[in-house]
2 protein chains.
Amino acid sequence: MTDERPPDAGIVTDRRYGDLPLADAATAAAIIAPDATVLTSGFGSVGYPKLVPLALAEDDRDLELTLVSSGNVGEEIDVALVESGAVARRFSYQSSRVARAMTNRREVAFSDRNASAIGDEVRYGALVDPDVAVVEAVAVGEDWFVPSTSLGQVPAFVAAADELIVELNYAQPRELQALHDIYRPDAPPNRGEIPLDDPGDRIGKPYVSFDPKKLIAVVETDRADSTYMFRDPTSDDLAIAENLGAFLADEVGRTPVFEDAVHLQFGVGSLGNALMGELKKLDFGGRDVVYFGELIQDGLLDMLDAGRLESASATSLALTSDGQDRLFADVERYAEDVVLRPADVSNHPGLIDRFGVVGVNSAIEFDLYGNVNSTHVGGKRMINGVGGSADFNRNSLVSVCALPARLTGRNVSRVVPMAFHVDHTEHDIDVFVTDQGVADVRGLSPVERAERIVENCAHPDYRADLRAYLDDVKTQDSHIPHDVNRAAEWQQ
Amino acid sequence: MTDERPPDAGIVTDRRYGDLPLADAATAAAIIAPDATVLTSGFGSVGYPKLVPLALAEDDRDLELTLVSSGNVGEEIDVALVESGAVARRFSYQSSRVARAMTNRREVAFSDRNASAIGDEVRYGALVDPDVAVVEAVAVGEDWFVPSTSLGQVPAFVAAADELIVELNYAQPRELQALHDIYRPDAPPNRGEIPLDDPGDRIGKPYVSFDPKKLIAVVETDRADSTYMFRDPTSDDLAIAENLGAFLADEVGRTPVFEDAVHLQFGVGSLGNALMGELKKLDFGGRDVVYFGELIQDGLLDMLDAGRLESASATSLALTSDGQDRLFADVERYAEDVVLRPADVSNHPGLIDRFGVVGVNSAIEFDLYGNVNSTHVGGKRMINGVGGSADFNRNSLVSVCALPARLTGRNVSRVVPMAFHVDHTEHDIDVFVTDQGVADVRGLSPVERAERIVENCAHPDYRADLRAYLDDVKTQDSHIPHDVNRAAEWQQ
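How each quantity is defined
- Think of each chain on its own: its residues are numbered from 1, step by step along the sequence as written.
- Here the convention is simple: chains get letters from A, ligands get numbers from 1, in the order in which they are written.
- Given that this is a predicted model, residues contribute local features only at a pLDDT of at least 70 and side-chain atom pairs are listed and counted only at 80 or more, while totals for whole chains, interfaces and linings are drawn from all residues.
- In computing side-chain values, all of the structure's heavy atoms are included and hydrogens and water are not.
- UniProt positions are given in the numbering used here, feature names are shortened, and annotations may be inferred rather than shown by experiment.
- Criterion for a disulfide: a pair of cysteine sulfur atoms within 2.5 Å.
- The pairing criterion for strands is at least two bridges between them, as found by DSSP.
- A run of H or I in DSSP becomes a helix once it reaches four residues, and a run of E becomes a strand once it reaches two; helices and strands are each numbered from the N terminus.
- Lines fitted to C-alpha atoms define the axes here, with helix axes fitted over just the stretch in contact, and angles between the N-to-C directions of these axes take values from 0 to 180 degrees.
- In what follows, a contact means two residues having at least one pair of non-hydrogen atoms within 4.5 Å.
- Buried area is calculated as the accessible area (1.4 Å probe) missing from two parts once they are joined, with the contributions of both summed.
- Definition used for salt bridges: Asp or Glu carboxyl oxygen within 4 Å of a side-chain nitrogen of Lys or Arg.
- Two N or O atoms form a polar contact when they lie within 3.5 Å of each other; inside protein one atom must be a possible hydrogen donor and the other a possible acceptor, and for residues adjacent in sequence the pair counts only when both atoms belong to side chains.

- The name that an unreviewed UniProt entry assigns to chain A is Acetyl-CoA hydrolase/transferase family protein, with the source organism given as Haladaptatus pallidirubidus.
- The annotation that UniProt attaches to chain A under Sequence similarities (unreviewed entry) is "Belongs to the acetyl-CoA hydrolase/transferase family."

Here's the deal with the state of the cysteines
Then step 1. All told, the structure shown has zero disulfides over all chains when counted by the stated rule.
Then step 2. This cysteine, Cys457 of chain A, is not joined by any disulfide, and Cys401 of chain A carries the nearest cysteine sulfur, 9.0 Å off.

Looking at the sheet that holds strand β10 (residues 261-266) of chain A
Residue and element names in this part refer to chain A.
Then step 1. Across the sheet, eight strands lie side by side as β15-β13-β11-β10-β16-β21-β23-β24; this open sheet has mixed pairing. At either end of the open sheet lies a strand with only one pairing partner, and these are β15 (338-340) and β24 (437-440). For this sheet the average axis-to-axis angle between neighbouring strands, irrespective of direction, equals 20°.
Then step 2. Across three bridges, strand β13 (residues 311-314) lies against β15 in parallel orientation. Across the sheet, the residue bridging to Ala312 is Val338, located in β15.
Then step 3. Packing against the sheet, helix α7 (residues 235-251) makes contact with β10, β16 (358-361), β21 (398-402), β23 (431-434) and β24, and its axis sits at approximately 145° to β23.

Topic: the interface of chain A and chain B
Then step 1. On the chain B side, the residues contacting the 79 residues of chain A number 79 residues.
Then step 2. Summing the contributions of chain A and of chain B, the shared interface buries around 6700 Å²; its carbon and sulfur component is 47%.
Then step 3. Considering only the surface of chain A that becomes buried against chain B, Arg106, His427 and His479 of chain A emerge as the three largest contributors, covering 12% of it.
Then step 4. In this assembly, chain A and chain B are joined by six salt bridges.
Then step 5. Where Asp353 of chain B meets Arg191 of chain A, a salt bridge forms, and the shortest distance between an N and an O atom there is 3.0 Å.
Then step 6. For the pair chain A and chain B, the number of links is 50 residue pairs in polar contact (both at pLDDT 80 or more).

Comments concerning the sheet that holds strand β15 (residues 338-340) of chain B
All names here are of chain B.
Then step 1. Strand order in the open sheet formed by eight strands is β15-β13-β11-β10-β16-β21-β23-β24, with mixed pairing between adjacent strands. Of all strands in the sheet, those with a lone pairing partner are β15 and β24 (437-440), marking the two edges. Taken over all neighbouring pairs, the strand axes of this sheet differ in orientation by 20° on average, direction set aside.
Then step 2. Judged from the three bridges that link them, strand β10 (residues 261-266) and strand β16 (residues 358-361) form a sheet pairing that is parallel. Bridge assignment links Gln265 to a residue of β16, and that residue is Gly359.
Then step 3. Lying over the sheet, helix α15 (residues 446-457) contacts β23 (431-434) and β24, oriented at roughly 170° with respect to β24.

As for the UniProt feature "domain: Acetyl-CoA hydrolase/transferase N-terminal" (unreviewed entry) in chain A
Then step 1. Per the UniProt record, the feature "domain: Acetyl-CoA hydrolase/transferase N-terminal" (unreviewed entry) sits at residues 24-220 of chain A.
Then step 2. For residues 24-220 of chain A, helix accounts for 23% and strand for 22%, while the C-alpha atoms at its two ends are 7 Å apart.

Quick look at the structure:
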């Protein structure tokens, strides 16, 4: 045991500080009440607790937990714990096959929320009545811990919960501390402004503080995070990247907002990773490129290494195994340009506005009028959750929805007559990009948008059918003409 | 002619300052190119230019104007000018019978945008290529003017346009200057925070500055604003107000956010006015009540006069004729507590978040899962526009959607199985209130929301049918079960 406080600059030298309530996972899990509301760390499938969820999955009590994570977690939670039947209610993102199936059978009461807001909703918004936070850390003291590979809403969750269990993970490098910038907004109505002038700046501490009375257990582990597997870019991905690149090259010359620098955000996933890969080929006319988004992907490390990126601000490291090795081997150097923030800062509507972000996010489908469905296949069956896409789609200066015009290898158009679940409204998206082309719909009426989307974005296999639908409904005296029954047939 | 600058404090003593290009309306209108993009003042149906639009309506050139207002304007624009066929394209709100019919026949290419964002979209977002701003003022100099009864996006429009025409309206009192607080955010990415700590504070100037080279005409008029006519509260309005009051009385005790003060926003309209009327009867346990919204309605003046309101921040005076007389007779006293701001401040997502606003807005209908349609009857036919409702619904700490359970005097339920146009998604609204009751859906899964909405909010005439729909679709293995064809039948 050394000093009781972590250094504000530099890296902790030990893993444990002070007098800590060490416990094994089963003992810690047993403290959690059978009907508790449990708030976990985890975002981008990394930085989530592993042993306590596994112990809860094996707990022989009849558990009916409410489980809250601000983002994607790994299989210890999303498969083992959920499959055990211990989770009665779940917020706000899930991504395993098992969790998805149980959500769609409504065996788990699920609700997805915007990533920027769930911290406030837990603390102030009556979403849940929080009992215990279970978080992963790389170092812990009596009233502080250093989070691991993601932040998400961890600081808000720890503040909201009555009790705290820390999983101290020796498989995660202590040096992750160098990435963290943990700024806590005050409570409304006196919370003031977030004093962040540049995405690369630091305004907070590298650790989370808590009331020492909350800490009921510290569980040690060396179980590694799941990491991302990205497929190689498909020809569709590359065509989308090319179309997006052409749009961006024009766009940066259009307004003085982009005179010196372009602030970008990309949604996660194989497409997002491919887009970032292609992006480093663009020179943006010598402008600085800055990332203000949610997740650090391998493509961003490539851009940093190539000197093509000034800085990257996010809330999680959504890296492949290779990417993680690369980052872990050189955390302090990457920390000069990479900052991890709580999700209520990384995704803050006011900050996205201030930096004039160009946000690029994918979805399941979009419709002729520009409504976007990110979450429910056929409007009904949940895939993952809305995540942070609505934060960026709504608040970006230029919001781009990018996806392949058809579902790869299946006879399904991702441009549809009518979206039967809407996560982003016709007011939110400025530009649609597919492998077929770009539809910049700014300034267009709904029917004009539809014309451009059909011509520029739809796959040729479906263009004639979409065109016929549009021509037929246009005979209506309606601002947004529709034939719901015919649109429903299309879905089948 | 007196000094060339208006006083920053106190009230202008004259109407005209310096050497101004006075012109009659026809002469000013003739300067506007036939295909110009014209940005006008006007929000909440007040403070819009009147003579120049009327002159454009009578212009014998073949006009194809793009007309942009940030909010509701009066009949000189929305009836006379639109009906003349001079407007080819229109943003972002309209409310006359004539404009609505032409929008639905698509004789005008219309697109509605969020009130907070249209200033940035005009300046930086490629929505339009602005030519001339036409604004109403109560006083004007060579490089400044004092706006009249609304601000909306006037400062952004004036900054974006190449030319400026000022309508100097002698029917509007000079003393309106006392209400204005015109703060201009810088351009992204260096725009910084909006330094507003309290809705009653002032952070800007009482006038709009402009490049003097832009001013091409000053047109004098004494034509009065249209004013609001609110119907007397109906029994539905009063029942909604009672239900809302009961909810709010509970809610303010729930979280420390409301310990000292409650920050409220109410949508405009007869229902909004009735809600504000009833609200002054609530004592909120002695907490301060602060208004941070879009429009000042008569009910807010009542609350101020009764000492029940600390301050009111908005972008427009949506007052009845009586309310306007009352305010105009005593502007400087009201200005101690009433502040008018540009709409990119009054509706700013970051500020709505910071103040922990409880936002109450109406709509056309909401569906079982909590999706809200504010704009298109049957998903097709435009009514007015989304206005600022999405700003408050998304960013409020507690967002309430309030409407009568059925359309007054008609056999139509305003709780529907499925909304076929979505302006506010299932992620946005926390609480639904009708004359029938309150459905607090925070923390509920979609199907749980549906159960509560049917039981608590639907009108008894439709409850059994909605219940039957829900029971039938619940047999599906879907997170959000639906029967689109059956939902479409319901709409007919």
